[in-house]
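Listed below are the residues making up each chain.
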Amino acid sequence: MFTGIVEEVGTVKHIRTEQSVMTLTIQCERILEDMHVGDSISVNGACLTVVDFTQHTFSVQVIHGTEAKTYLNTLSEGAKVNLERAMHAQGRFGGHFVLGHVDEVGRVSHIKKNSNSTILTITASPQLISQLVPQGSIAVDGVSLTIFALYENAFDIHLIPETRHATILNEKQRHGHVHLEIDMLFKYVERLMTQQPESEQSTLTQDKLQSLGF
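Residues numbered from 1 in each chain as written. Predicted model: local features only at pLDDT ≥ 70, side-chain atom pairs only at ≥ 80, totals over all residues. Heavy atoms only, no water.

Participant: What is the right way to read the overall build of the protein chain from this model?
Facilitator: Looking only at helices and strands, the protein chain has five helices and 12 strands in total. Residues classed as buried in the protein chain amount to 43% of the 214 residues present. For the protein chain, the exposed area adds up to about 12000 Å²; of that, 50% sits on carbon and sulfur atoms. (Helix = DSSP H or I, 4+ residues; strand = E, 2+ residues; numbered from the N terminus. Buried < 20%, exposed > 50% of the residue type's maximum accessible area, 1.4 Å probe, protein only. Areas by Shrake-Rupley, 256 points an atom, 1.4 Å probe, with all protein chains shown as cover.)

Participant: Would you mind showing me how to read the sheet that holds strand 5 (residues 57–62) here?
Facilitator: Hydrogen bonds between backbone atoms are what pair the strands of a sheet, whose relative direction is either parallel or antiparallel. Spatial ordering of the closed barrel is given by 1-2-5-4-3-6, a layout of six strands whose pairing is antiparallel. Geometrically, the sheet is characterised by an average inter-axis angle of 45° between neighbouring strands, direction not taken into account. Where strand 1 (residues 8–18) lies against strand 6 (residues 80–85), four bridges are found, and the strand directions are antiparallel. Across the sheet, residue Thr-11 finds its bridge partner in strand 6, namely Lys-80. (Pairing = 2+ DSSP bridges. Axes fitted to C-alpha atoms, helices over the stretch in contact; angles between N-to-C directions.)

Participant: In this structure, what is going on with the sheet that holds strand 11 (residues 154–159)? I would like to understand it.
Facilitator: Taken in spatial order, the six strands close into a barrel running 7-8-11-10-9-12, and their pairing is antiparallel. Across this sheet, the average inter-strand angle for adjacent strands is 45°, counted without regard to direction. The sheet contact formed by strand 8 (residues 118–123) and strand 11 spans six bridges and is antiparallel. By the bridge assignment, Ile-119 is partnered in strand 11 with His-158.

Participant: When you look at the environment of Arg-85 in this model, what are you seeing that I'm missing?
Facilitator: Position of Arg-85 among the secondary structure elements: in strand 6. Sequence separation between Arg-85 and Cys-47 is 38 residues; the distance between their C-alpha atoms is 9.4 Å.

Participant: Would you mind showing me how to read the layout of surface pockets here?
Facilitator: Roughly 310 Å³ of volume is contained in the second largest pocket. Lining the second largest pocket are 13 residues; nearest its centre among them are Tyr-71, Leu-75, Lys-80, Ile-168 and Lys-172. For the lining of the second largest pocket, the residue count by class is four nonpolar, six polar and three charged. (1 Å grid on protein atoms, 1.4 Å probe; cavity = no way out; pocket = protein on both sides within 12 Å on 5 of 7 lines; lining within 4 Å. Points joined across faces, edges and corners; volume = space filled by probe spheres on them. Nonpolar A, V, L, I, M, F, W, Y, C, P; charged D, E, K, R; others polar.)

Participant: When you look at the side chain of Lys-172 in this model, what are you seeing that I'm missing?
Facilitator: Mapped onto the elements of the fold, Lys-172 is located in the loop between helix 3 (161–166) and strand 12 (177–182). There is a polar contact of 2.9 Å between the side chain of Lys-172 and the backbone oxygen of His-177. Sequence-distant contacts of Lys-172, defined by excluding residues within four places in its chain, comprise Tyr-71, Val-108, Ile-111, Asp-141, His-177 and Val-178. (Polar contact = N/O pair within 3.5 Å; in protein donor to acceptor, adjacent residues only side chain to side chain. Contact = heavy atoms within 4.5 Å.)

Participant: Mind showing me how you'd approach a nonpolar patch on the surface here?
Facilitator: Where nonpolar side chains cluster on the molecular surface, the patch consists of Met-1, Phe-97 and Leu-185 and spans about 240 Å² of accessible area. By the element assignment, Met-1 lies in the segment before strand 1. (Patch = residues over 30% accessible without salt bridge, like charges linked within 9 Å, V, L, I, M, F, W, Y side chains within 5 Å. Salt bridge = Lys/Arg side-chain N within 4 Å of Asp/Glu carboxyl O.)

Participant: What exactly am I supposed to notice about the pattern of salt bridges here?
Facilitator: Think of it this way: side chains of opposite charge can pair up when their charged atoms draw near. A complete count under the given rule lists four salt bridges for this structure. In this structure, Glu-18 and Arg-16 form a salt bridge, with 3.3 Å as the shortest nitrogen-oxygen distance. Its salt-bridge partner being Asp-34, residue Arg-85 comes within 2.8 Å of it at the nearest N-O pair. Separated by 51 residues along the polypeptide, Arg-85 in strand 6 and Asp-34 in the loop between strand 2 (21–27) and strand 3 (40–43) bring together distant segments of the chain. Given the relative accessible area of 17%, Arg-85 is considered buried. Here the salt bridges do not stand alone but share partners, grouping Glu-7, Asp-34 and Arg-85 into one network.

Participant: Hey, could you run me through the environment of Ile-168 in this one?
Facilitator: With respect to the helices, strands and loops of the structure, Ile-168 is situated in the loop between helix 3 and strand 12. Residues Ile-168 and Asn-82, spaced 86 residues apart in sequence, show a C-alpha to C-alpha distance of 6.4 Å. The residues touching Ile-168, leaving out its near neighbours within four places in the chain, are Val-9, Asn-44, Lys-80, Val-81, Asn-82 and Asp-141.

Participant: I'm lost on the pairing of strand 8 in this one. Help?
Facilitator: Both faces of the sheet carry side chains from a regular strand, because those side chains alternate between them. In terms of burial, strand 8 is a largely internal element, six of the six residues being buried. Of the two faces of strand 8, the one carrying Thr-118, Leu-120 and Ile-122 and the one carrying Ile-119, Thr-121 and Thr-123 are both buried. Relative to strand 8, strand 7 (residues 104–113) runs antiparallel, the two sharing six bridges. Directly across from Arg-107, in strand 8, lies its bridge partner Thr-123.

What follows is the structure, encoded as structure tokens:
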């Protein structure tokens, strides 16, 4: 599990594909400090497993199933990527619950920049949009962000100076792709409210959730 607080921006140094498995070798510094083979690392919001590492790089493998749900297969050598190690149980929780399971690849449809922030408008499917709420949380390329405006087929996020400096989101271009993961707490609440048989319907309702501040 991750928090959506990017620890470091790494650089893809090498890409190799063998028998439908793509291996990414990524150069970085900070997250190598306590790395082990088998560790989970969020790479642009996708949870990947470390298969090898050196003093300056680590390698992760992208299997076909992950490749099909992400844009990782479009990365090229030299590309910058957001990196985060799995959270420690005793660590401070700064973002929101992020699993590293990409729900969808969205597209940057509009960029507006001013002195204080950059506003990205991201287009997504109607199904994903229906699972978002204004002021709710979403992970965009592994970054925990707040939804500032919600539209029929898109939503806005604001990038403050720290986010622009510490992540790759400020480098996104119009029509560029981003990994999207909706808040997992919303998924559980939605299932409780909609998936139970009528005879076992929960007393949890939308009005009750709103009264509790959700």
